[in-house]
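Residues per chain are reported as follows:
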Amino acid sequence: MAATDLQRFSNEEKRNLSLGGHVGFDSLPDQLVSKSVTQGFSFNILCVGETGIGKSTLMNTLFNTTFETEEASHYESAVRLRPRTYDLQESNVHLKLTIVDAVGFGDQINKDESYRPIVEYIDTQFENYLQEELKIRRSLFNYHDTRIHVCLYFITPTGHSLKSLDLVTMKKLDSKVNIIPIIAKADTISKSELHKFKIKIMSELVSNGVQIYQFPTDDEAVAEINSVMNAHLPFAVVGSTEEVKVGNKLVRARQYPWGVVQVENESHCDFVKLREMLIRVNMEDLREQTHTRHYELYRRCKLEEMGFKDTDPDSQPFSLQETYETKRKEFLGELQKKEEEMRQMFVNKVKETEAELKEKERELHEKFEHLKRIHQEEKRKVEEKRRELEDEMNAFNRRKVAVETLQSQSLQATSQQPLKKDKDKKNFFSLPSVCSITSGRHVN
Ligand code: GTP
Ligand code: MG
């Protein structure tokens, strides 16, 4: 076919053709249904509300079963997310249901950060899905999708207004999850008060710009019921797994001394409306909205954060390959810069350490010289002392020898004494002048 023919053909409008007989592609929707049924479905509900507000009871009532549950204490130091997954089957449809409880919500003295663990949990589920999508070998077909499809926000039936904790939390969550607000334990509030309370809640949500989930009205089959139900939001619900005999029928209800509140009686509460909207009419829309709106937003922000763009600065299409190449170059450049910085840092560090070591060495050397000088001085002093002592010792020895000589002379002298005495006696009488000098006295 010539190029001009091709161009003409593509520019032509699509033509409607009638078929000569049955071809069979009208079974495509059935094929899709059959495939989906075989594959099974997953649905994930997040329950946010104060401890003991009736979350578990409502879940049991909604799915008409008893999920394992334990009461939360009022002393949790922070909000904690507790997911539990169950396999349910109705007819031939398998549902993997995950119920996530925000345990300890509203129990902390400082509630500023109460929303954070919830937001983080929702983001983590989106991130896990994105990581699976970005894998080379993806297995999204049998991937357990844990992304939150709906958040049931349990409002305390005060009859006054929303608490700031409710407004802050819903505001933080509304771009990440489909929020359906419900007034819990609606049997504890009177009919007229409930009516006013609903109006108050809706006006507060609007004035604070909180986007709650709106039941879709674009599908003709459900447009009417959904638009009616949108006007009933927030649903005021009562939960109970207790069965009470009303007439000759056993119904789920809460029994009081003054009467019975029937869970499935639409004039008593909005439980039936909630079940209808959440499970029977809009479950698929909630799943779809999660994927096409909330997850898409998360994915876009995340990819932009990672540097991916659809167009370049001149608004020209920018392929993934080009983005990858640009990013790679940027990354390599940065890596080199970092490497150079590290090397420089290392060299500087080595120089610093070298200088420090040299300084230390010099100090040590000085110390050594100083000590050496002191030591020499000490040695000189000791040497002097030694010499003095030696001199003293010599002097002493000389004196000792002299004394000894004197002693021996005096001993000798003593032994010759009688002889000398006689001699002296003679001399005494013959030499008076000498005698007087020796004794120091004059003899009369
Ligand atoms: P935690 O998981 O411990 O935070 O509690 P929860 O929010 O799951 O509350 P749970 O369902 O355990 O109910 C707490 C108490 O509230 C129980 O005594 C329930 O019987 C009661 N309760 C539950 N739903 C309702 C209701 O709709 N109305 C009234 N009046 N009481 C309810
Ligand atoms: Mg519970």
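Described in the following lines is the structure provided in the data block. The shown structure was predicted, so the numbers you read here are calculated from the model rather than taken from an experiment.

Quick notes on the nonpolar core
If you look at the biggest cluster of nonpolar residues, it comprises 74 residues, and the most contacted ones within it are Ile118, Leu152, Ile180 and Leu274. Broken down by element, this core gets its largest block of residues, 8 residues, from helix 4 (residues 115–134). With residues near it in sequence (within four places) discarded, Leu274 still touches Leu58, Leu62, Leu152, Ile180, Ile182, Phe235, Val237 and Ile279.

Topic: the pattern of salt bridges
Following the criterion strictly, the structure yields 25 salt bridges and no others. A salt bridge links Arg147 to Asp145; its shortest N-O distance comes to 2.8 Å. For the salt bridge of Lys273 with Asp270, the shortest nitrogen-to-oxygen distance reads 3.5 Å. Through salt bridges with shared partners, a single network forms among Lys198, Glu266, Asp270 and Lys273.

Let's talk about the pairing of strand 4 (residues 150–155)
Moving residue by residue along a regular strand, the side chains alternate between the two faces of the sheet. Summarising burial for strand 4: 6 of the 6 residues are buried, a large majority. Where burial is concerned, the two faces of strand 4 agree: the one with Val150, Leu152 and Phe154 and the one with Cys151, Tyr153 and Ile155 are both buried. Sheet topology note: the strand 1 (residues 41–48)/strand 4 ladder contains 4 bridges and is parallel. Paired with Ile45 across the strands is Val150, a residue of strand 4. Sheet topology note: the strand 4/strand 5 (residues 179–183) ladder contains 5 bridges and is parallel. Paired with Phe154 across the two strands is Ile182, which belongs to strand 5.

Digging into helix 3 (residues 55–63)
With 7 of 9 residues buried, helix 3 is to be regarded as a mostly interior element. The complete set of buried residues in helix 3 reads Lys55, Leu58, Met59, Asn60, Thr61, Leu62 and Phe63. Once helix 3 finishes, Asn64 follows within two positions and takes phi at roughly 50°, a positive value.

Quick look at helix 6 (residues 191–207)
Look at helix 6: 25 Å from first C-alpha to last across 17 residues, which is about the 24 Å you get at 1.5 Å a residue. Among the structural elements, strand 4, helix 5 (164–173), strand 5 and strand 6 (235–236) are those in contact with the buried residues of helix 6. Looking one or two places after helix 6, you find Gly209, whose phi comes out positive at around 65°.

Overview of unusual backbone geometry
The amide bond that connects Leu233 to the next residue, Pro234, takes the cis arrangement and shows omega of -10°. As for its position among the elements, Pro234 is in the loop between helix 7 (220–230) and strand 6. The backbone of Asn64 sits at a positive phi, close to 50°, despite the residue not being glycine. With respect to the secondary-structure elements, Asn64 resides in the loop between helix 3 and strand 2 (80–90). At Lys185, a residue that is not glycine, the phi angle is positive and equals roughly 45°. Within the element layout of this structure, Lys185 appears in the loop between strand 5 and helix 6.

So, how was this worked out
- Here the residue index of a chain counts from 1 through its sequence in written order.
- Working convention: letters from A go to chains and numbers from 1 go to ligands, in the order in which they are written.
- Where local features are concerned, this predicted model is filtered to residues with pLDDT of at least 70; where side-chain atom pairs are given and counted, the filter is 80 or more; whole-chain, interface and lining totals use all residues.
- Heavy atoms throughout the structure, all of them, feed into the side-chain values; hydrogens and water do not.
- Grouping buried Ala, Val, Leu, Ile, Met, Phe, Trp, Tyr and Cys residues that are joined through side-chain atoms within 4.5 Å yields what is termed a nonpolar core.
- Residue exposure (1.4 Å probe, protein chains only): buried if accessible area is under 20% of the type maximum, exposed if over 50%, otherwise partly exposed.
- Per the convention used, a helix needs a DSSP run of H or I reaching at least four residues, while a strand needs a run of E reaching at least two, with both numbered from the N terminus.
- Should any heavy atoms of two residues lie within 4.5 Å, those residues are considered in contact.
- Each reported salt bridge corresponds to a side-chain nitrogen of Lys or Arg within 4 Å of a carboxyl oxygen of Asp or Glu.
- At least two DSSP bridges between two strands are required for those strands to pair.
- By this rule the span expected of a helix is its residue count minus one, scaled by 1.5 Å.

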